[in-house]
Amino acid sequence: MKPKLIATGIGLCFCLYGCFPDRRYADTDTYVPVYMSPADKSNIFLANARTTEKSGKIYAFGNTIFQNDLNKGIHIIDNTNHADPKKIAFLNIPYNTEFAVKGNYIYANNVNDLVVIDIRDLNNPVVVKRIENAFPYINQEYPPQSGYFVCPDPAKGIVVDWELQTVKSPKCHR
Amino acid sequence: MNKLLLYMLLPVVLVTALRCEKASVASATTGSGGSTARFAIQGNYLYTVDKSSLKVFNIADIANPVLKNTVPVGFEIETIYPFKDKLFIGSTSVVHIFSIDNPENPEKLSTAISPDVIRRCDPVVAKDTVAFATLRTSGPCGGRFSVLAAYDIRDITNPVQKGTFPVSEPYGLGYSDTALYVCDRYGLLVFNIENAYTPQLRKTFTDGWYLDVIPYNNTLICQVQDGLTLYDITSCMKPTLITKIK
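All of these numbers come straight from a predicted model, not from anything done at the bench. (Residues numbered from 1 in each chain as written. Chains lettered and ligands numbered in written order. Predicted model: local features only at pLDDT ≥ 70, side-chain atom pairs only at ≥ 80, totals over all residues.)

(A) Main features of the overall build of chain A. Assigned secondary structure in chain A consists of one helix and 13 strands. In chain A, the succession of helices and strands from N to C terminus is α-β-β-β-β-β-β-β-β-β-β-β-β-β. Split into buried and exposed, the 174 residues of chain A put 32% on the buried side. Within chain A, residue pairs in contact and separated by at least 24 positions form 47% of the contacts whose partners lie at least 6 positions apart. (Helix = DSSP H or I, 4+ residues; strand = E, 2+ residues; numbered from the N terminus. Buried ≥ 20, exposed ≤ 12 C-beta atoms within 10 Å, placed from the backbone. Contact = placed C-beta atoms within 7 Å.)

Put into structure tokens, the structure is as follows:
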């Protein structure tokens, strides 16, 4: 009789544990701050065309279409043949999210700086101007989405992104 | 003989009438951004919006932008859309309308408020007499339901919401002649806006998560979640797929 009772008790414990997960110990969808590594901030260069990772904003100029890849740079698409547009290159701009184009010049944010990139020779893009601290940092204290997040540590630097991950016992919430 | 000529010409006239006039003709020196952009170029000026302010850069010397002005706009600014001598600035609560008659000193004309939705995201586009905004209430924007809203802006100092259309989770938008393209979590919606204040839904493409659009000449450039989708919009109410670029 007794072993049966113990077994039932253990079973009940498991059930209760399973039925009432405790947030403090559970895996939770959580926004995790991504910090900027200062060393690679100004590493702007032309790379081969690549697959889009995080689809960002778009711009059209003449026969060229541009698309940001969040925090990575700008895809360049040749649309000279409207029936068959093709990716031709990727302009690496660390922590870029916004841009506009005029003539052969791209105005883009490089973290919080405004940079002007001369693409008259697309194979050799040149940063011709940089206005430092043109823009304020955003989303430093908490992610733009509501929910659980890992509390950012200012000592670790500037927050450039928030990534959704599964985290045990996140401390912050809004 | 004349009659024969008439019959021969009639189909040509009909086809021409059905094709859409392109409101925006892109020249060699003007580009175009999406409705969710924070950077916009109008003439010799680059306008940018951050969370609370509008910045004006003179780019007459194209390689050498010079910051000319910083204008406080409000809270939670998200987007900027230039149209002629106006800037339409979307925030999570209202649309701010600025005059750039004096391009270095944008002057606030009015604020468009939707009485239906308290808190939302507001990408906005405008034509001469109407402005359209999508008011999304999911995610960071709060609120309870999402709509496409049409504002009468004939009196630019007093924009009035004239009509709304429920949309599940809208993002950016753009127009070409009588067609309004609205991005949604569940597809691309094509509205007829011949009666601008009462958009009529005519077609839905349910092939992905659309985030923003640029109608550019005869091409509709769409930002989708995994890259780009391009449509031919020679016939603006009937977009036909050109390609998807990932």
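Past the structure itself, the notes keep going.
(B) Highlighting the overall build of chain B. For chain B, the count of helices and strands is one helix and 21 strands. Looking at the 246 residues of chain B, the share that counts as buried comes to 45%. Looking at chain B alone, contacts between residues at least 24 apart form 42% of all its contacts between residues at least 6 apart.

(C) The sheet that holds strand 7 (residues 86-91) of chain B, seen in detail. All names here are of chain B. Taken in spatial order, the four strands of this open sheet run 6-7-8-9, and their pairing is antiparallel. Each end of this open sheet is capped by a strand with a single partner; those strands are strand 6 (77-83) and strand 9 (107-112). Each neighbouring strand pair of the sheet contributes to a mean axis angle of 25°, computed without reference to strand direction. Both strand 6 and strand 7 contribute to a ladder of six bridges, which runs antiparallel. Pairing of Thr 79 across the sheet is with Gly 90, part of strand 7. (Pairing = 2+ DSSP bridges. Axes fitted to C-alpha atoms, helices over the stretch in contact; angles between N-to-C directions.)

(D) Up close: the sheet that holds strand 5 (residues 66-72) of chain B. Residues and elements named next belong to chain B. A sheet is described by the order of its strands in space; here four strands give the open sequence 2-3-4-5, paired in antiparallel fashion. Edge positions in the sheet fall to strand 2 (39-42) and strand 5, since each has one partner strand and no second. With strand direction ignored, the average angle separating the axes of adjacent strands in the sheet is 20°. In this sheet, strand 3 (residues 45-49) lies alongside strand 2 in antiparallel orientation, the contact comprising four bridges. Paired with Phe 39 across the bridge in strand 3 is Thr 48.

(E) Region of interest: the interface of chain A and chain B. Opposite the 36 residues of chain A that make contact, chain B presents 40 residues. At six residues, the largest contribution of residues to the side of chain A that touches chain B is made by strand 3 (residues 55-61) of chain A. Tallied by class, residues from the side of chain A that touches chain B come to 21 nonpolar, nine polar and six charged. (Nonpolar A, V, L, I, M, F, W, Y, C, P; charged D, E, K, R; others polar.)

(F) Up close: the environment of Pro 94 of chain A. Here Pro 94 of chain A lies in the loop between strand 6 (86-92) and strand 7 (99-102). Here Pro 94 of chain A is in contact with Asp 40, Lys 41, Asn 43 and Asn 110 of chain A, once residues within four sequence places are set aside.

(G) Local environment of the pairing of strand 7 of chain B. Residues and elements named next belong to chain B. Most of strand 7 is tucked away, with six of its six residues classed as buried. Pairing analysis gives five bridges linking strand 7 to strand 8 (residues 95-99), with the strands arranged antiparallel. Its bridge partner being in strand 8, Leu 87 is matched across the sheet by Phe 98. Connecting strand 7 to the antiparallel partner strand 8 that follows it, the hairpin turn spans three residues.

(H) The arrangement of the confidence of the model for chain A in detail. Averaged over all residues, the pLDDT of chain A equals 86, while 85% of them reach at least 70. A low-confidence stretch, residues 9-22 of chain A stays under pLDDT 50, and its non-local contacts, those more than four residues away or across chains, total one contact. (pLDDT = per-residue confidence, 0-100.)

(I) Fine view of the environment of Asn 81 of chain A. Its place among the elements puts Asn 81 of chain A in the loop between strand 5 (73-78) and strand 6. For the pair Asn 81 of chain A and Asn 63 of chain A, spaced 18 residues apart in the sequence, the C-alpha separation amounts to 8.4 Å.

(J) Here's a closer look at the confidence of the model for chain B. All names here are of chain B. For chain B, the average pLDDT comes to 87, and 83% of its residues sit at 70 or higher. Here residues 10-19 scores under 50 on pLDDT; set against residues more than four positions off or in separate chains, the count is three contacts. A low-confidence stretch, residues 22-28 stays under pLDDT 50, and its non-local contacts, those more than four residues away or across chains, total nine contacts. Quick note on the complex model: pTM equals 0.85, ipTM equals 0.87.

(K) View of the environment of Asp 118 of chain A. By the element assignment, Asp 118 of chain A lies in strand 9 (residues 113-118). Judged by the 17 C-beta atoms lying within 10 Å of it, Asp 118 of chain A falls in the partly exposed class. Separated by 15 residues in the primary sequence, Asp 118 of chain A and Gly 103 of chain A have C-alpha atoms spaced 9.2 Å apart. In this structure, Asp 118 of chain A is in contact with Asn 104, Tyr 105, Pro 125, Val 126 and Val 128 of chain A together with Ala 63 of chain B, ignoring residues within four places of it in sequence.

(L) The arrangement of unusual backbone geometry in detail. Residue and element names in this part refer to chain A. Although it is not a glycine, Asn 71 adopts a positive phi angle of roughly 70°. Backbone geometry at Ser 169 places phi at a positive 45°, although glycine is not the residue there. Following the sequence through the fold, Ser 169 ends up in the loop between strand 12 (159-168) and strand 13 (172-173). Looking at Ser 169, the number of C-beta atoms within 10 Å reads 13, which means it is partly exposed.

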